[in-house]
Amino acid sequence: MTPPATVTPELVARLSRHVAASTDATVSTVEVFTGATLATLPCSTEHDVADAVAAARGPQAAWAATDPRERMAVFEKFHKLVLDNRETIADLIQAETGKARRYAFEDLIEPAITTAHYLKAAPRLLRPRKRKGMMPFAIQTTELRVPKGVVGIISPWNFPFALGISDSIPALMAGNAVVLKPDTQTALSPLFGVDLLYRAGLPDGLITVVIGDGPVVGGALVDAADYVGFTGSTRTGAEVGARATGRLIGCSLELGGKNPMVVLPDANIDLAVAGGVTSAFANTGQLCMHIERIYVHESVYDTFVGRFVAATGKLKVGAGYDYRSDVGSLISTRQRKAVAEHVDDARAKGATVHIGGTARDDIGPAFYEPTVLTDVTPDMLCHAQETFGPVVAIYPVRDDDEAVAMANDTPYGLNASVYGRDVDRAKAVGARLRAGTVNVNDGHAAAYASIDAPMGGMGSSGLGRRHGVEGLLKYTESQNLTVQRIQVIPPPKALPYSRYTAIMTRSLRLLHKLGVR
Ligand code: NAD
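Residues numbered from 1 in each chain as written. Predicted model: local features only at pLDDT ≥ 70, side-chain atom pairs only at ≥ 80, totals over all residues. Heavy atoms only, no water.

### A look at the overall build of the protein
Along the protein, the regular secondary structure elements total 19 helices and 18 strands. For 517 residues, the compact-globule estimate of 2.2 N^0.38 gives 24 Å, and the C-alpha radius of gyration of the protein, at 26 Å, lies within 12% of that figure. Seen along its three principal axes, the alpha-carbon backbone of the protein occupies a region of about 90 × 60 × 40 Å. Out of the 517 residues belonging to the protein, those deemed buried represent 56%. Split by element, the accessible area of the protein, about 21,400 Å² in all, is 55% carbon and sulfur. (Helix = DSSP H or I, 4+ residues; strand = E, 2+ residues; numbered from the N terminus. Rg over C-alpha atoms; globule rule 2.2 N^0.38 Å. Buried < 20%, exposed > 50% of the residue type's maximum accessible area, 1.4 Å probe, protein only. Areas by Shrake-Rupley, 256 points an atom, 1.4 Å probe, with all protein chains shown as cover.)

Next up, the structure:
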């Protein structure tokens, strides 16, 4: 197999111009399906990162001075360009991740959905808002939204286009500049997104990419930016959070998960099986919100396991730049080793492997079969640690209380799912789950795609949210701009303080009685 014709040396050269790099140092990426070299890209130093942040300050100040409604023209064009270029973007994503094309499509439409949402929401959310002044008429207060300045976005490899670009869009709309640090292996598709933003008319210098070793280049970005939006593992997120807090800058941390699904006794089993299989093996199980644990009421457990294993066996694992495969490759042989380690450990300690549990070297260097386990116990690595691969464990539960207790029994809290015909009961169970998103009668996608509401993690799954109001306003500082039209604080010189306190007390009583405050 060869990389698609769209990934040309000319395209790589054009995209490389968006990388801040002052030396001749380079890094190489591979075509994951084969392991062959895909692209050679410039590599940034720590100084390049600091320079990129400094260079963004001028363009950012000019951009922040524009009316948010004017800024939207760029994103209107960007939305169209993303959809028009979907095949090229899907090629790039597949080449650098090895995922099945249907998930490359999900990866690329996410920024289009996010852009469309904030095109409507951002001008409204960024508008100055009149707030109650301390004293009606005398004091007038307005809440303004001031951009943070230069935002650092650090993104992982699993959804490289979505997570690099989607989190940059609201930051830019809010009047910031962005310095983006993608994972090196998956830098091409976010670079293409940056190129589209400039083609859509984004003023020069508002988004720059830095590429290189995570702790070095990512660390330098945390040291220089005014705010950091980080997506990645819980371990790195904790380091980034500590480093950002040390500088007294804000950050949002979108981290790992060990996401549970609960199947209630009245669930439509076929629907639950279809949803569970999709969410367990979506993106080859390398999806922060994918399902790794399924708790099934004992009355339907045997039926569920039988149908789940049968449906898993029908999945087509394969390589190819078309829509024929259901499951693609893992990102690397390193990731495959980590996944195999979880399965081998479970098998050695007595788990039952119903299907899968083997590498597929016959397809490519990092393929692994979708794997279904039962009899998983707390001493096994895959019981509570994130596997981040196509591996799911199914457990029987006696009742709703046991399902909730087991689902909540990890430090994570990213996503959860509940299947049941009685939607009120399913919602009640869902509300007891410690997770930032809960899907009823779906595994993960419905809540994630509902961008009007926030998405993010509780516990070790993160801090802050993307999407919704917070997904935009986190890139701003609020400013309380207050005008004293008639002097009431401090009292005019001519008014003795004893008189002033009496008037003020009466006024406060009256205002409270009138419901003003
Ligand atoms: P990772 O933490 O290894 O890397 C993420 C990014 O951080 C990369 O760009 C990396 O180069 C950079 N980085 C590494 N060390 C750094 C440091 N010390 N300082 C600053 N930056 C550093 O994560 P990964 O393996 O690329 O991604 C997989 C993880 O991401 C999984 O745990 C997955 O659940 C999680 N994830 C979470 C979400 C979410 O929205 N919650 C979405 C996707 C992935």
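### Some words on the side chain of Asn-259
Its location among the elements puts Asn-259 in strand β10 (residues 259–263). At 2.7 Å, the side chain of Asn-259 forms a polar contact with the backbone oxygen of Cys-288. Of the polar contacts made by the side chain of Asn-259, one reaches the backbone nitrogen of Asn-415; its length is 3.0 Å. In this view, Asn-259 contacts Cys-288, Met-289, His-290, Ile-291, Glu-292, Arg-293, Leu-414 and Asn-415; residues no more than four positions away in its chain are not counted. (Polar contact = N/O pair within 3.5 Å; in protein donor to acceptor, adjacent residues only side chain to side chain. Contact = heavy atoms within 4.5 Å.)

### A look at the site of the ligand
In the neighbourhood of the ligand, 29 residues make up the surrounding shell, with Ser-155, Ser-233, Leu-255, Glu-386 and Arg-466 lying closest. In the model, a nitrogen atom of the ligand is placed 3.2 Å from a nitrogen or oxygen of the Glu-239 side chain. Contacts to the ligand include Glu-386, whose side-chain N or O atom sits 2.6 Å from an oxygen atom. When the free accessible area of the ligand is taken as 860 Å², the share hidden by the protein chains comes to 89%. When each cavity is represented as a set of grid points, the ligand is found to reside in the largest pocket. No other element matches the 4 residues that helix α9 (residues 214–224) contributes to the shell around the ligand. (Near = heavy atom within 4 Å. 1 Å grid on protein atoms, 1.4 Å probe; cavity = no way out; pocket = protein on both sides within 12 Å on 5 of 7 lines; lining within 4 Å. Sits in = over half its atoms within 2 Å of the grid points.)

### Comments concerning the packing of helix α3 (residues 68–84) against helix α5 (residues 101–126)
Viewed as axis vectors pointing N to C, α3 and α5 meet at an angle of 165°, and their least axial separation amounts to 9 Å. With respect to each other, α3 and α5 are oriented roughly antiparallel. Handedness of the crossing formed by α3 with α5: left-handed. Of the residues in α5, those in contact with Pro-68, Arg-69, Arg-71, Met-72, Phe-75, Glu-76, Phe-78, His-79, Val-82 and Leu-83 of α3 are Leu-108, Ile-109, Ala-112, Thr-115, Ala-116, Tyr-118, Leu-119, Ala-122, Pro-123 and Leu-126. Of the residues assigned to the contact of α3 with α5, the class counts are 15 nonpolar, 2 polar and 3 charged. (Axes fitted to C-alpha atoms, helices over the stretch in contact; angles between N-to-C directions. Parallel < 35°, antiparallel > 145°, perpendicular 65-115°, else oblique. Left-handed = near helix turned anticlockwise from the far one by under 90°. Nonpolar A, V, L, I, M, F, W, Y, C, P; charged D, E, K, R; others polar.)

### Quick word on empty space enclosed by the protein
On inspection of all chains with the given rule, the structure shows 4 cavities of 30 Å³ or more. Lining the largest cavity are 15 residues, and of these Pro-260, Arg-293, Ala-407, Gly-413 and Arg-434 lie nearest its centre. Elements supplying a minimum of two residues to the lining of the largest cavity: β10 and β15 (415–419). Put simply, the second largest cavity is a space of about 40 Å³. Contributing to the lining of the second largest cavity are Thr-114, Tyr-118, Ser-166, Asp-167, Pro-170, Arg-466, His-467, Gly-471 and Tyr-475. For the lining of the second largest cavity, a count of residues per class yields 3 nonpolar, 4 polar and 2 charged. (Points joined across faces, edges and corners; volume = space filled by probe spheres on them.)

### Considering unusual backbone geometry
Here the bond from Ile-489 into Pro-490 is cis, since omega is -15°, no more than 30 degrees from zero. Here Pro-490 lies in the loop between β18 (476–484) and α19 (497–513). With phi around 60°, Asp-375 is a residue other than glycine that occupies positive phi space. Mapped onto the secondary structure, Asp-375 falls in the loop between β13 (371–374) and α14 (381–384). In this structure, Asn-441 takes a positive phi of about 60° despite not being glycine.

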